[in-house]
Amino acid sequence: MPILDPTWLPLSVLKSKGSNLRFLAFKIEKILREISLISKSASGFIHACDYDQEGEVIGYNILEHACHNKYSLSKRAKFSSLTDEEIIQSFNNLLPPSQKLKDAGTSRHMIDFIYGINLSRALTNSVNKKDSPGADKKGYRQLSIGRVQGPTLAFVVEREKEIESHIFEPYWNVMADFEKNNQIIKTYYYPYRIDTKSAAENIINSCKNQLGKATDINIQKTAIKPPFPFNLGDLQKEAFRFFRFTPSYTLSIAEKLYLSALISYPRTSSQKLPSSINYEKIIKAVSNLDNNLHQNSSYGNKTKSILSYSEISLKLLANKVLKPNEGKETDPAHPAIYPTGQKPKRSLEDSEIKLLDLIIRRLLSSFGEEASSSQIIVTITVKDKFTFKAEEKKIVVEGWIKYYRPYFDLSGFMIQDSLSFLKRNDILKNVKIELLEKFTQPPFRYNQSTLLQKMEREKIGTKSTRSEIISTLFKRNYITNFVLSTAHQSVTDDSKVVSKNSPASNYQKKQPTKDGFVGMQKSGLRPTEIGLAIVNSMKKYIPNIVSTNLTRDMETQLEQIESGNTTSVQVVEKARNQIKEAIESFNLNESKIGQEISSALEVNKTTNLWRKPTSISSLGPCPVCKSGNLIVKKAVKSKKRFAGCTNYTSAKCLTTSPLPQKGTIKNVGKKCEKCNWPIISAHGINQGKRYQWEFCINSSCPLKISNNGNKKITSKQT
DNA sequence: GCAAGGTC
């Protein structure tokens, strides 16, 4: 039975023998007793927790439960950074307690609890029936789902499905080298994408060894504004980009730096720095850190092009105005992350030095001067008809970029220019021209950094919990980190650092290459069989839990509580009814859900985690037993892949079928007209040639026997 | 023990 009305229990219940929270209960009691004692002699109560929904609830709980129902009598201090100026100001202007903020906060707690706990229990129960293949040795397998976990997992699954259903369409590029004064200009035919090979060949035949004229030289200058001061998400993104630190690892290091008083509070969404933190003081203080940080460190100012903190701060302090370039993200409780400038009182670990260095240079850069780039695009026309373009971009004013080194991303910028010597109407000779065959590419898989950014964009979770939610998905084995080049050492856990060489870092090439589609797309986060099965089942029976609508709807409702347009009682009641319905629908379909997820758990047991990405989904329903699904499996002995039924263990369905050993296999959702077995598509590259074909996987399909088709599949499975 | 939120 779902628990729709969780209530507070008296501590005595938790303290009773046999309670697994006994130890904790005694600890809590001690803290409560102490606060209670102090509160008795207090002349008044000032609530000075973070000025946001959650902060309001924390203070409320203390005032109500430890200070004998003093919330309504308390006063509220409102400040958004811990500077003397702001704190004094807030204590001089105390507000009444923010009842509506508290109501919104407690509703959030209640809703997340009744949704999360009830559905996680239902899910767990559905696979823990007798003889379930999903259960562990003790006969138990813990599953979970929640308002944030669900949609986040669904992002990974949706992306995987997009990749699987992608059709590689060929197109062609023509690349040409032109020469003038012994200088080679590398160009591409414009427009870049040519749809047919014959059109591309026509261009080549018409332009080979011909003269071209520089018909246009376009130079554009673009300002590059200084970066914003860091909020947590931006710090996690940048630390992933440069150090390959995962978001949760970055947060854990930032926390250590904060507890050592080296940086300000890191769990912030703000990209703003109030002047009350005293810019000048911080910039000056930071300049004293040079020796402290970079001595004895494997990291630091190794080359001359990287300026020391004191060199940067001298330049900044010489400027007339000292103002950071702020972003628009705000936070009700904290400013952006900045270094305090204090000297470390202990020796720092390498990872801490790296992150602190990044934070310091980011802060200094945000005060820097605007930089600018110049882009030159040269158009070369052959026979007044065929146009080729060459382009180059370079930094012309370095500005803040020199403060941010080595973290500025220079890819896409040239160091030397090779085009600016050209003038309009110059004549150039074509010396080389070639055809490139390309294919349209599916979207990239998420990595931990881009998944976190997706959560930010969709506004699910909070800055403090997003990285943890991703770690939870790893912990539950719902997602894995797929590494292509070292498939045998595939990283399936939530490691701290993603190797720079490994494609799991989702190294993205700008343009697809001829062989690119084989190697490029396979790295990054993939759902496991279980992850996929959970999203599929939830979508079928309780779609709300994996869609962002639930969160979106809840946010709106909570905002309305804050603004007084609805009440906490109404909102929680509505959620309660929704979960009641969801649980009812769940219970009606429990055996189906249990079976779907159990077969996925079975697949995870019998196949390697690094098997081909596309085998994650079913190839179609089993035509023999009807209740199972045909999936790609690997033969234990021969390691060859074949199609097998998910009911192999549970219902002894022995249906198998050989599959091509190379290339990518895709479920195209069709059934063979003759035998009703699934029709799948296989594609890949064979002897440099791309192929894609569809076929019925039944090796004894009457259609094949009659026309002797599908000779390609001859390998027998053991 | 399961959620999501906060904290050291």
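Computed from a predicted structure; not experimentally measured.

Before going further, it helps to examine the pairing of strand 8 (residues 427-439). Summarising the sheet, strand 3 (residues 170-180) and strand 8 pair through 10 bridges and their orientation is antiparallel. Looking at the pairing, Val174 lines up with Leu435 of strand 8. Where strand 5 (residues 211-224) and strand 8 come together, 3 bridges link them in antiparallel fashion. Looking at strand 8, one finds that Leu211 is bridged to Lys429.

In the region of DNA strand B, 27 residues are neighbours, and Arg121, Val148, Gln149, Tyr265 and Thr462 sit closest. Backbone atoms, meaning sugar plus phosphate, form 69% of the atoms of DNA strand B positioned within 4 Å of the protein. Here a sugar or linking oxygen of DNA strand B and a side-chain polar atom of Arg108 are 3.1 Å apart. With respect to DNA strand B, the side chain of Gln149 contributes an N or O atom lying 2.6 Å from a phosphate oxygen. Of all the secondary-structure elements, those providing two or more residues to the surface near DNA strand B are helix 5 (99-127) and helix 9 (247-259). The biggest single contributor to the surface near DNA strand B is helix 5, with 7 residues.

All right, on to the packing of aromatic side chains then. Tallying each qualifying case throughout the model produces 15 aromatic pairs. Ring geometry for Phe243 versus Tyr407: centroids 5.8 Å apart, planes at 80 degrees, classification edge-to-face. With Phe243 in helix 8 (residues 232-243) and Tyr407 in the loop between helix 14 (401-404) and strand 8, the pair connects residues that are 164 residues apart, well separated along the chain. By relative accessible area, which is 0% here, Tyr407 ends up buried. Measuring from centroid to centroid gives 5.0 Å for Tyr279 and Phe367, while their planes differ by 65 degrees, and the two rings are edge-to-face. Residue Tyr279 is found in helix 10 (residues 279-287), and its partner Phe367 is found in the loop between helix 13 (350-366) and strand 6 (371-382); the two are separated by 88 residues along the sequence. Both residues of the pair, Tyr279 and Phe367, belong to the buried class. Aromatic ring contacts, followed pair by pair, group Phe242, Phe243, Phe245, Tyr249, Trp400, Tyr404, Tyr407, Phe408 and Phe413 into a single cluster. Here the basic side chain of Arg159 rests over the ring of Tyr446, its NZ or CZ set 4.4 Å away from the ring centre.

Attention shifts here to the nonpolar core. Leu119, Leu123, Ile534, Met538, Ile545 and Ile597 are the most contacted members of the largest nonpolar core, which has 53 residues in total. Secondary-structure elements contributing two or more residues to this core are helix 5, helix 6 (149-164), helix 15 (448-457), helix 16 (466-475), helix 18 (529-541), helix 19 (549-563), helix 20 (568-588) and helix 21 (590-606). If one sorts the elements of this core by residue count, helix 5 sits on top with 8 residues. Beyond its immediate sequence surroundings of up to four residues, Leu123 is in contact with Leu143, Ser144, Ile145, Tyr478, Ile534, Met538, Phe586, Ile593 and Ile597.

Per the stated rule, a full pass over the model turns up 2 cavities of 30 Å³ or more. Estimates place the volume of the largest cavity at around 100 Å³. Ile111, Tyr115, Leu550, Asp553, Met554, Gln557, Val571, Lys574, Ala575 and Gln578 are the residues that line the largest cavity. Listed by contribution, the elements that provide at least two residues to the lining of the largest cavity are helix 5, helix 19 and helix 20. Partitioning the lining of the largest cavity into residue classes produces 6 nonpolar, 2 polar and 2 charged.

Attention shifts here to the packing of helix 9 against helix 13. Viewed as axis vectors pointing N to C, helix 9 and helix 13 meet at an angle of 85 degrees, and their least axial separation amounts to 10 Å. By the angle between their directions, the pair helix 9 and helix 13 is classed as roughly perpendicular. Residues Tyr249, Thr250, Ile253, Ala254, Lys256 and Leu257 of helix 9 form the contact with helix 13, whose participating residues are Ser351, Glu352, Leu355, Leu356 and Ile359. The residue inventory of the contact of helix 9 with helix 13, partitioned by class, reads 7 nonpolar, 2 polar and 2 charged.

In the sheet, strand 4 (residues 183-189) pairs with strand 7 (residues 386-397) via 2 bridges, with the strands oriented antiparallel. Bridge pairing links Tyr189 to Phe388 in strand 7. With 11 bridges connecting them, strand 6 and strand 7 associate as antiparallel partners. Directly across from Ser372, in strand 7, lies its bridge partner Val397. Linkage of strand 6 to strand 7, two consecutive antiparallel strands, is achieved through a turn of 3 residues, within which Lys383 is found at a positive phi near 50 degrees.

Attention now goes to unusual backbone geometry. Residue Tyr190 is joined to Pro191 through a cis peptide bond whose omega torsion reads 5 degrees. On the secondary structure map, Pro191 appears in the loop between strand 4 and helix 7 (197-207). Between Arg405 and the following residue, Pro406, the backbone shows a cis peptide bond with an omega angle of 10 degrees. The residue Pro406 is located in the loop between helix 14 and strand 8 in this model. Phi at Asn69 is positive, roughly 55 degrees, even though this residue is not glycine. One can find Asn69 in the loop between helix 3 (53-66) and strand 2 (75-76). You will see that Arg244, though not glycine, has its phi angle at about 65 degrees, which is positive.

Turning our attention to the confidence of the model for chain A. Here chain A averages 85 in pLDDT, while 84% of its residues score no lower than 70. Here residues 486-492 is modelled with pLDDT under 50, and outside its nearest four sequence neighbours on either side it reaches 13 contacts, counting other chains as well. Counted against residues more than four places away or in other chains, residues 501-520, with its pLDDT under 50, gives 51 contacts.

To summarise the sheet geometry, strands pair through backbone hydrogen bonds and adopt either a parallel or an antiparallel arrangement. Pairing is antiparallel in the closed barrel, where 6 strands are placed in the order 3-4-7-6-5-8. Averaged over neighbouring strand pairs, the angle between their axes works out to 35 degrees when direction is ignored. Note that strand 5 and strand 6 share 12 bridges and pair antiparallel. Among the inter-strand pairings, Gln220 is bridged to a residue of strand 6, identified as Gln375. On top of the sheet, helix 7 reaches strand 3, strand 4, strand 6, strand 7 and strand 8; it is set at about 165 degrees to strand 8, its chief contact.

Turning to the packing of helix 6 against helix 15, a few remarks are in order. In contact at an axis separation of 11 Å, helix 6 and helix 15 are set at 125 degrees when each is read in the N-to-C sense. Between helix 6 and helix 15, the interaxial angle falls into the category oblique. For the pair helix 6 and helix 15, the crossing hand works out as right-handed. Contacts between helix 6 and helix 15 pair Thr152, Phe155 and Val156 from the former with Leu451, Lys454 and Met455 from the latter. Class assignment of the residues belonging to the contact of helix 6 with helix 15 gives a composition of 4 nonpolar, 1 polar and 1 charged.

So, about the side chain of Thr381. Within the secondary structure, Thr381 is located in strand 6. A polar contact of 2.7 Å, which involves the side chain of Thr381, links it to the side chain of Thr215. Apart from the residues lying within four places of it in its own chain, the contact partners of Thr381 are Leu211, Gly212, Lys213, Thr215, Phe386 and Thr387.

Here is what the cut-offs are and how they apply
- Residues numbered from 1 in each chain as written.
- Chains lettered and ligands numbered in written order.
- Predicted model: local features only at pLDDT ≥ 70, side-chain atom pairs only at ≥ 80, totals over all residues.
- Heavy atoms only, no water.
- Pairing = 2+ DSSP bridges.
- Helix = DSSP H or I, 4+ residues; strand = E, 2+ residues; numbered from the N terminus.
- Near = heavy atom within 4 Å.
- Polar contact = N/O pair within 3.5 Å; in protein donor to acceptor, adjacent residues only side chain to side chain.
- Phe/Tyr/Trp six-rings, centres within 6.5 Å; stacked < 30°, edge-to-face > 60°.
- Buried < 20%, exposed > 50% of the residue type's maximum accessible area, 1.4 Å probe, protein only.
- Lys NZ or Arg CZ within 6 Å of the ring centre and 35° of its normal.
- Core = buried A, V, L, I, M, F, W, Y, C linked by side-chain atoms within 4.5 Å.
- Contact = heavy atoms within 4.5 Å.
- 1 Å grid on protein atoms, 1.4 Å probe; cavity = no way out; pocket = protein on both sides within 12 Å on 5 of 7 lines; lining within 4 Å.
- Points joined across faces, edges and corners; volume = space filled by probe spheres on them.
- Nonpolar A, V, L, I, M, F, W, Y, C, P; charged D, E, K, R; others polar.
- Axes fitted to C-alpha atoms, helices over the stretch in contact; angles between N-to-C directions.
- Parallel < 35°, antiparallel > 145°, perpendicular 65-115°, else oblique.
- pLDDT = per-residue confidence, 0-100.
- Left-handed = near helix turned anticlockwise from the far one by under 90°.

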